[in-house]
Amino acid sequence: MKEAWGRFINLRDSGPQNTQVVDIPVDQIVSNPYQPRTVFNQEAIEELAKTIHTHGVIQPIVVRKKDKSYELIAGERRWRAVCHLGWTTIPAIVRDMNDAQTASAALIENLQREGLTPIEEAVAYQQLLELHGLTQESLAQRLGKGQSTIANKIRLLNLPESVQQSLLTKAITERHARALLAIPSEEMQIELLEECIEKGWNVKQMEERVKAKISGLEQAQQKQAKPRRKGLSKDVRLAVNTIRQSLEMIENTGLTVVCEEADEEEYYQFTIKVPKQKIEPQA
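Reading the values: the criteria
Residues numbered from 1 in each chain as written. Predicted model: local features only at pLDDT ≥ 70, side-chain atom pairs only at ≥ 80, totals over all residues. Heavy atoms only, no water. Salt bridge = Lys/Arg side-chain N within 4 Å of Asp/Glu carboxyl O. Helix = DSSP H or I, 4+ residues; strand = E, 2+ residues; numbered from the N terminus. Buried < 20%, exposed > 50% of the residue type's maximum accessible area, 1.4 Å probe, protein only. Pairing = 2+ DSSP bridges. Contact = heavy atoms within 4.5 Å. Axes fitted to C-alpha atoms, helices over the stretch in contact; angles between N-to-C directions. Parallel < 35°, antiparallel > 145°, perpendicular 65-115°, else oblique. Nonpolar A, V, L, I, M, F, W, Y, C, P; charged D, E, K, R; others polar. Patch = residues over 30% accessible without salt bridge, like charges linked within 9 Å, V, L, I, M, F, W, Y side chains within 5 Å. Areas by Shrake-Rupley, 256 points an atom, 1.4 Å probe, with all protein chains shown as cover. Phe/Tyr/Trp six-rings, centres within 6.5 Å; stacked < 30°, edge-to-face > 60°. Lys NZ or Arg CZ within 6 Å of the ring centre and 35° of its normal. Polar contact = N/O pair within 3.5 Å; in protein donor to acceptor, adjacent residues only side chain to side chain.

Novice: What am I meant to see in the pattern of salt bridges here?
Specialist: For side chains of opposite charge, pairing can occur when their charged atoms come near one another. All told, the structure shown has 9 salt bridges when counted by the stated rule. We note a salt bridge from Glu191 to Lys213, for which the minimum N-O separation is 3.4 Å. Of this pair, Glu191 sits in helix α10 (residues 186-199) while Lys213 sits in helix α11 (residues 203-225); the two residues are 22 residues apart in sequence, bridging distant segments of the chain. Under the relative-accessibility criterion, Lys213 is labelled buried at 18%. For Glu261, the salt bridge goes to Arg244, with nearest N and O atoms at 2.7 Å. Residue Glu261 is found in strand β6 (residues 258-263), and its partner Arg244 is found in helix α12 (residues 234-252); the two are separated by 17 residues along the sequence. Of the residues examined, Arg244 reaches a relative accessible area of 34% and is grouped as partly exposed. Each of the salt bridges in this network shares a partner with another, and the network as a whole consists of Arg64, Lys66 and Glu71.

In C-alpha cells, the structure reads:
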C-alpha cells in the first residue's frame, strides 16, 4: 500500500514517516471527506466486528492530526467495526500529510480493495485527475490499469442521478448503465432504467431496448428533416390557376411580367413584378 501511495503523494521524498502504533480515542476520529466508499454494508461491518472482537485489530488504521481530532486516511471499515463493538480506543499510525496527500491516499487505498461500486470508482478516478492535473492515460499508468477502463468508468458520471444511484445500490450492473449511455436523452435514460428494474431485464434485453429506442429516434429525425407538404385544396388550386391566367392575359398585351411562385407551409405565395414601361422587342 505504501508503494501505491508513493506514486501520488511522494512518501519516499517527504522524509522518514512515523510508523509507531498508538491507541487513540475512537470518538476523536472523523471520516475523510475524500472517502470514495459511500455505501457501507452493515452486515459486513458486524462480521468484521466479530473478527476484531476475537483477534483484535491486526492492521492499524492510518490517520492524520487535524485540529483537535484525527482524520482517517485508511481503515474506515475497521474504525466503524470498533465503534460497533463499543471500544473506546483503536490502534493507529499517525501520518504527517497535507490535504492533497491525505485525499490521494484515501482514494488509492480504497481503489486497491474490492467492493467499490462502479460509481464510487468513477468518482475516485475523477478526483485523482483533478487533484494532480493528470490525463486519463497517465492516471491509468500510475494505477496499472488500462486507459479505456478509466475512461469507461468516468463516462458513468454523465448518467442521470437516478441511474447513478441505481448503480450504487446495485439495482443494475455497470453493463446496464453503459448501454444507457448511447441514449442522448436523460428523460429516455430514466424511462428505460425504470422499465429495466420493473421487468428485471438482463444486459442483453437492455441493449436490445436501447437499440430499438435509438432506431425510433433516427426515424423520427428523418421524418422531421423531410416534412411532407400537404397538396393544395380545390379552392386554392382554382385561385392559383386564376392568377396564372391573369398573368398570361397581361403578357398578351406586350408587357413582360416577372412572376415567382413559392409553396409555403401556411400559404401559396406569388411575387409579381410589372415593368412601368413597355419593353419593345428588339429588331
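Here the narrative resumes, following the displayed structure.
Novice: Would you take a moment to explain the sheet that holds strand β5 (residues 89-95) for this structure?
Specialist: Adjacent strands of a sheet pair through backbone hydrogen bonds, lying either parallel or antiparallel. With mixed pairing, the 5 strands of this open sheet are ordered in space as β1-β5-β3-β4-β2. Every other strand in the sheet has two partners, leaving β1 (21-25) and β2 (29-30) as the edge strands with one partner each. Direction of pairing for strand β3 (residues 61-66) relative to β5: parallel, over a ladder of 4 bridges. Bridge assignment links Ile61 to a residue of β5, and that residue is Ala92. Running over the sheet, helix α4 (residues 99-111) touches β3 and β4 (69-74) and is turned about 45° from β4.

Novice: Hey, could you run me through the side chain of Arg78 in this one?
Specialist: Tracing the backbone shows Arg78 in helix α3 (residues 76-85). Here Arg78 falls in the buried class, since its relative accessible area comes to 12%.

Novice: Is there a simple way to think about the packing of helix α5 (residues 118-132) against helix α8 (residues 161-168) in this case?
Specialist: Two quantities define a packed helix pair, namely the angle between the axes and the distance from one axis to the other. Relative orientation of the contacting elements α5 and α8 amounts to 110°, with a least axis distance of 7 Å. Classified by the angle their axes make, α5 and α8 are roughly perpendicular. Where α5 abuts α8, its residues Pro118, Ile119 and Glu120 lie against Gln164, Leu167 and Leu168. Counted by class, the contact of α5 with α8 contains 4 nonpolar, 1 polar and 1 charged residues.

Novice: Please explain a nonpolar patch on the surface as it appears in this structure.
Specialist: Taken together, the side chains of Ile243, Ile272 and Val274 present a nonpolar region at the surface, about 220 Å² in accessible area. As for its placement among the helices and strands, Val274 is situated in the segment after β7 (268-273).

Novice: Teacher, can you tell me more about the packing of aromatic side chains here?
Specialist: Here a ring pair, both rings aromatic, is described through the centre-centre distance and the interplanar angle of the planes. Under the criterion given, the structure shown has 1 aromatic pair. Of note, Lys65 hangs over the ring of Tyr70, and the distance from its end group to the ring centre comes to 5.0 Å.

Novice: Would you mind going over the environment of Glu261 with me for this structure?
Specialist: The class of Glu261 is partly exposed, set by a relative accessible area of 36%. A C-alpha to C-alpha distance of 6.4 Å links Glu261 and Thr271, two positions 10 residues apart in sequence. When near neighbours in sequence (up to four residues on either side) are disregarded, Glu261 contacts Arg244, Tyr268, Gln269 and Phe270. At 2.7 Å, the side chain of Glu261 and the side chain of Arg244 are in polar contact.

Novice: Explain the pairing of β3 to me, please; I cannot follow it from the model alone.
Specialist: Regular strands place their side chains on alternate faces of the sheet. Summarising the sheet, β3 and β4 pair through 5 bridges and their orientation is antiparallel. Bridging across to β4, Arg64 finds its partner in Glu71. In this structure, the hairpin formed by β3 and β4 is closed by a connection of 2 residues, where Asp67 is found at a positive phi of approximately 55°.

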